Amino acid sequence: MTTERPRTQAMTQHRFGGPEVLEPEVRPRPAPAPGEILLRVRAAGVNPVDLLIRSGTAPLYGDPPFTLGRDVSGTVEAVGAEVTGLRPGDEVFGMVDSGGYATHVTAPAAYFAPKPATLDHVHAAAAPTAVLTAWQALIDVARAGPGTRVLIHAAAGGVGHVAVQLAKAEGAYVVATARGDRHGFLRDLGADELIDYTVTDFTEAVHGIDAALDLIGGDYGPRTLGTLRPGGLLISAVPGDLGLAPEEVEARGMRFVAVRTDPSGERLAKAAALLANHRVRVHVEAALPFEEAAKAHELGEAGHAKGRLVLVLPD
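For every chain, the first residue of the written sequence is number 1, and numbering continues from 1 along that sequence. Local features in this predicted model are restricted to residues whose pLDDT is 70 or higher, and side-chain atom pairs enter the listing and the counts only when it is 80 or higher, whereas totals over whole chains, interfaces and linings include all residues. The side-chain quantities take in all heavy atoms of the structure and omit both hydrogens and water.

K.L.:
Explain the overall build of the protein residue by residue, including any values.
P.N.:
What counts as a helix is a DSSP run of H or I of at least four residues, what counts as a strand is a run of E of at least two, and both are numbered from the N terminus. Per the secondary structure count, the protein includes 10 helices and 16 strands. In this description the radius of gyration comes from C-alpha coordinates, and the expected globular size is given by 2.2 Å times residues to the power 0.38. Taking 315 residues into account, the globule formula puts the C-alpha radius of gyration at 20 Å, and the protein, at 20 Å, falls close to it. Once the C-alpha set of the protein is aligned to its principal axes, its extents read approximately 75 × 40 × 35 Å. Sorting the 315 residues of the protein into buried and exposed places 53% on the buried side. Working rule for contacts: check all heavy atoms of both residues, and any pair within 4.5 Å makes them a contact. In the protein, 64% of the contacts between residues at least 6 apart in sequence involve partners at least 24 apart. Note on areas: Shrake-Rupley with a 1.4 Å probe; residue coverage comes only from the protein chains shown. Working note: accessible area of the protein is about 13200 Å², and carbon and sulfur atoms make up 51% of it. Lys and Arg are tallied as positive, Asp and Glu as negative. Neither His nor the chain termini are counted. Charged side chains are reduced to one point each, which is NZ for Lys, CZ for Arg, CG for Asp and CD for Glu. Here the protein contributes 29 positively and 38 negatively charged side chains, and the mean placements of these two sets differ by 4 Å. Burial classes: relative accessible area under 20% of the type maximum marks a residue as buried, over 50% as exposed, and values in between as partly exposed (1.4 Å probe, protein chains only).

K.L.:
Talk me through the packing of helix α3 (residues 128–141) against helix α4 (residues 160–169); I want residue IDs and the actual numbers.
P.N.:
For helices, the axis comes from a line fit to the C-alpha atoms of the stretch in contact; other axes are also lines fit to C-alpha atoms, and the angle between any two N-to-C directions lies between 0 and 180 degrees. Interhelical geometry of α3 versus α4 gives an angle of 45 degrees and a closest axis separation of 9 Å. What the angle tells us is that α3 and α4 run oblique. Helix-helix and strand crossings are classified by hand; for α3 and α4 the assignment is right-handed. Contacts between α3 and α4 pair Ala130, Val131, Ala134, Trp135, Leu138 and Ile139 from the former with Val162, Ala163, Leu166 and Ala167 from the latter. Under this grouping Gly is polar, as are all residues other than the nonpolar Ala, Val, Leu, Ile, Met, Phe, Trp, Tyr, Cys and Pro and the charged Asp, Glu, Lys and Arg. For the contact of α3 with α4, a count of residues per class yields 10 nonpolar, no polar and no charged. Put simply, angles under 35 degrees are roughly parallel, angles over 145 are roughly antiparallel, angles from 65 to 115 are roughly perpendicular, and the rest are oblique. Handedness of a crossing is defined here by the sense of rotation of the near helix relative to the far one, left-handed for an anticlockwise turn of less than a right angle and right-handed for a clockwise turn.

K.L.:
Give me the lowdown on α3, citing residues and values where you can.
P.N.:
One turn of an α-helix holds 3.6 residues; hence residues three or four places apart share an orientation. Here the bend at each residue means the angle between axes fitted to two seven-residue stretches, the one ending at that residue and the one beginning there. Along α3, the sharpest kink reaches roughly 30 degrees, centred on Trp135. All of the buried residues along α3 are Pro128, Thr129, Ala130, Val131, Leu132, Thr133, Ala134, Trp135, Gln136, Ala137, Leu138 and Ile139. Count one or two residues on from α3 and you reach Arg143, which has phi positive near 55 degrees.

K.L.:
I'd like to hear about the environment of Thr84, residue by residue, with values.
P.N.:
Topologically, Thr84 is positioned in the loop between β5 (71–79) and β6 (91–95). Spatially, the C-alpha atom of Thr84 lies 8.5 Å from that of Gly35, the residues being 49 residues apart in sequence.

K.L.:
Please provide a residue-by-residue account of the nonpolar core, values included.
P.N.:
Here, the term nonpolar core denotes a set of buried Ala, Val, Leu, Ile, Met, Phe, Trp, Tyr and Cys residues that are joined through side-chain atoms within 4.5 Å. By size, the foremost hydrophobic cluster in this structure holds 53 residues, and its most contacted members are Ile152, Val164, Leu186, Leu213 and Leu275. Of all the elements, α3 adds the most residues to this core, at eight residues. Core analysis: the next-biggest nonpolar cluster, separate from the first, contains 32 residues, Leu22, Leu68, Ala109 and Ala286 among them.

K.L.:
Go over the packing of helix α1 (residues 48–55) against helix α10 (residues 293–302) with me, naming the residues and quoting the values.
P.N.:
Closest axis-to-axis distance for the α1/α10 pair is 10 Å, and the angle between their directions is 105 degrees. In terms of axis orientation, α1 runs roughly perpendicular to α10. Residues Asp50, Leu51 and Arg54 of α1 lie in contact with α10, whose contacting residues are His297, Gly300 and Glu301.

K.L.:
Describe the pattern of salt bridges, naming the residues involved and giving the relevant values.
P.N.:
Salt bridges, as used here, are contacts in which a Lys or Arg side-chain nitrogen is within 4 Å of a carboxyl oxygen on Asp or Glu. Enumeration according to the criterion identifies 14 salt bridges in this entry. Ionic pairing is found between Lys115 and Glu91, a salt bridge with its closest N-O pair at 3.5 Å. Residue Lys115 is located in the loop between β8 (112–114) and α2 (121–125), and its partner Glu91 is located in strand β6; the two are separated by 24 residues in the primary sequence. Where Asp210 meets Arg229, a salt bridge forms, and the shortest distance between an N and an O atom there is 2.5 Å. Note that Asp210 is positioned in strand β12 (residues 209–214) and Arg229 in strand β13 (residues 228–236), a separation of 19 residues in sequence. With relative accessibility at 31%, the residue Arg229 sits in the partly exposed group.

Shown next, in the form of structure tokens:
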């Protein structure tokens, strides 16, 4: 007599396309390898890059089938050999390589940090990519701090609104670009100066910037160079068209860095104190049931979400 292997529910796609390609399926539950944990996922963040991967615009996972999802929060269900510091029952959050749209996922233990007790799983799942991108760009690269003028594009978006708060927590002066109806939201988060890009050309209104964070791509990179002081820094955190080459920036006497967001439980643990005391708040625009993953992608593609979108996994 054989015992059936435990199962897990996942949202998988078998072809590139629109949100409708996301299909629920049941499959064998994974087991953690050495150095990994098995996470019972309670909530999973929906990132803009998920939409690009799903459609085939940015085929980072190769050809389907695959399961999307990088940001997760949940409970450790099992640990593999050589894992120290985490044990079954611990509540953690982190960024994984893929597979987060599922009730269970395995990933290296080093990708996770303890979930702050003051955050529920929905808000914890909304945090990893946004926090890690902003941290790597503004703290590790730009060294933002008192006396630093920082420009953040798409400031009301999932990464942007966290970047505003992280820069302010470090003592920087923050200039943010966003539609006018988002200005109250950003002002509450601490932005010092707000530019409505639908009314004002930011290249004419902003100057003397020490570090600019481009979360849009395309022509925003080249246009932003005109806002930087001599020797200023342009940081791009977009998965697609950067809009320029590093050589072009250097030829104009400025610096350019493209940030690739990497999983890091260590960085998340450092940011956890800011999240715990709400000095950095992750705004969740909508938390949808797991079975409405396609609707979450539709909302993301509409381009008007303020903050983050999250899927809530079934019990």
